[in-house]
Amino acid sequence: MKVERFRIEPGSRVDWSEHDPEATPGCASKAAAAAPLARNLERLFELQEMLYAQGERALLIVLQGMDTSGKDGVIEHVMGAFNPQGVQITPFKVPTPDELAHDFLWRVHKATPGRGMVGIFNRSHYEDVLVVRVARLAPKAVWSKRYAHINAFEKLLADSGVAIVKLFLHISPEEQVKRLIERRDTPGKQWKFSPGDLEVRTQWSAYMEAYADALERCSTAWAPWYVVPANKKWYRNLVVSEILVDTLSRLDLAYPPPPENIATFEIPPAG
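What comes next is a walk through the structure. (Residues numbered from 1 in each chain as written. Predicted model: local features only at pLDDT ≥ 70, side-chain atom pairs only at ≥ 80, totals over all residues. Heavy atoms only, no water.)

Focus: the overall build of the protein chain
- Scanning the protein chain for helices and strands turns up 11 helices and six strands.
- By the compact-globule yardstick of 18 Å for 271 residues, the protein chain fits well, its C-alpha radius of gyration being 20 Å.
- Projected onto its principal axes, the C-alpha coordinates of the protein chain cover approximately 70 × 45 × 40 Å.
- Counting across all 271 residues of the protein chain, residues that qualify as buried make up 49%.
- A sequence separation of at least 24 residues applies to 82% of the contacts in the protein chain between residues at least 6 apart.
- Between the mean site of the 33 positive side-chain charges and the mean site of the 34 negative ones, the protein chain shows a separation of 5 Å. (Helix = DSSP H or I, 4+ residues; strand = E, 2+ residues; numbered from the N terminus. Rg over C-alpha atoms; globule rule 2.2 N^0.38 Å. Buried < 20%, exposed > 50% of the residue type's maximum accessible area, 1.4 Å probe, protein only. Contact = heavy atoms within 4.5 Å. Lys, Arg positive; Asp, Glu negative; His and termini not counted. Charge placed at Lys NZ, Arg CZ, Asp CG, Glu CD.)

This is the structure we're talking about:
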């Protein structure tokens, strides 16, 4: 599977009619996806171990999408392949009063991964050009400047050794209806149901316009955006795993060298 087909090239336009959330190019069925997904998960474990052991680079994964698009599912079913001691997951919710007293990137910078670590953002700094824009929490004169701030921030991270991959999990409004009903009617999932999600759904077009602008303005060579078809959960997981394997494989990862003359070390009896 060529991950380039999902990447938004810098400077390109986003036309949602060209991104079918139901599509599964390169894989015909859930059964056909099982073996390559399993291989990718095994490879992700190996690559993350080298990332952690080498301790020179970091990986930041940004997850965005409309409600029910599968951010939690991707973390569980794909990023669950990582060793948890090398992973930091940060959910970005409504800013606290302390966070609002600082610039919009203050709380984000604190959560970026250190060398050897994988950082996962469940929602992110992009909320400040998405919900802030659609809900009119700040005037256009404020949020419109944030695209440039975001690009500069991500360039700083990249120059500091952080590989960045940004994933927009793309579902259709029809698929969202099914998932919202499932949440509403399933006792074990009702805790995830929020009446506020229903209001956001009525603003679907405004959010998709805001997402298009964010992807167009902030997909860069150092921090690319990918549009992942997410109506089919099995395909979403496969694509995300392919993108992550591709990203980590290009980091020139390796285990650090062993101690000199390691074979000569005798293991003493326990005292």
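Let us keep going from here.
Here we look at the pattern of salt bridges
- If you walk through the whole model with that rule in mind, you get 17 salt bridges.
- In this structure, the salt-bridge partner of glutamate 46 is arginine 43, at a minimum N-O distance of 3.3 Å. On the criterion of helical spacing, the pair formed by glutamate 46 and arginine 43 is a turn pair, its members being three residues apart in helix α1 (residues 30-54).
- The closest approach of N and O atoms between aspartate 128 and arginine 146, which form a salt bridge, is 3.2 Å. With a gap of 18 residues between them, aspartate 128 in the loop between β4 (118-122) and α5 (131-134) and arginine 146 in helix α7 (residues 146-159) connect regions that are remote in the sequence.
- What makes arginine 146 buried here is its relative accessible area of 13%.
- Beyond isolated ion pairs, a larger network of salt bridges with shared partners links Asp67, Arg123 and Glu127. (Salt bridge = Lys/Arg side-chain N within 4 Å of Asp/Glu carboxyl O.)

With respect to the nonpolar core
- If you look at the biggest cluster of nonpolar residues, it comprises 79 residues, and the most contacted ones within it are Trp16, Ile61, Met79, Tyr126, Leu167, Leu215 and Val240.
- Discounting residues that sit within four places of it in the chain, leucine 167 has contacts with Ile61, Val62, Leu63, Gln64, Trp225, Tyr226, Val228, Val240 and Ile243. (Core = buried A, V, L, I, M, F, W, Y, C linked by side-chain atoms within 4.5 Å.)

Some thoughts on the sheet that holds strand β2 (residues 58-65)
- In spatial order, the strands read β1-β6-β5-β2-β4-β3; together these six strands make up an open sheet with mixed pairing. Strands at the two margins of the open sheet, each flanked by one partner only, are β1 (7-8) and β3 (87-91).
- As judged from the eight bridges shared by β2 and strand β5 (residues 162-170), these two strands associate in the parallel manner. Considered in β5, the bridge of glutamine 64 is made with phenylalanine 168. (Pairing = 2+ DSSP bridges.)

Some details on the packing of aromatic side chains
- For the structure on display, the rule yields seven aromatic pairs.
- Ring centres 4.5 Å apart and planes at 45° place the aromatic pair phenylalanine 168 and tyrosine 211 in the tilted group. Taken together, the positions of phenylalanine 168 in strand β5 and tyrosine 211 in helix α10 (residues 204-218) put the pair 43 residues apart, joining distant regions of the chain. Of the two residues, phenylalanine 168 and tyrosine 211, both sit in the buried class.
- Members of the aromatic cluster, connected to one another through ring pairs, are Phe6, Trp234 and Tyr235.
- Across from the ring centre of phenylalanine 104, 4.7 Å away, lies the NZ or CZ of arginine 146, which sits over that ring.
- Across from the ring centre of tryptophan 222, 5.6 Å away, lies the NZ or CZ of lysine 155, which sits over that ring. (Phe/Tyr/Trp six-rings, centres within 6.5 Å; stacked < 30°, edge-to-face > 60°. Lys NZ or Arg CZ within 6 Å of the ring centre and 35° of its normal.)

Regarding the side chain of asparagine 40
- Within the secondary structure layout, asparagine 40 lies in helix α1.
- A polar contact of 2.9 Å, which involves the side chain of asparagine 40, links it to the side chain of serine 241.
- The residues touching asparagine 40, leaving out its near neighbours within four places in the chain, are Leu238, Ser241, Glu242 and Val245. (Polar contact = N/O pair within 3.5 Å; in protein donor to acceptor, adjacent residues only side chain to side chain.)

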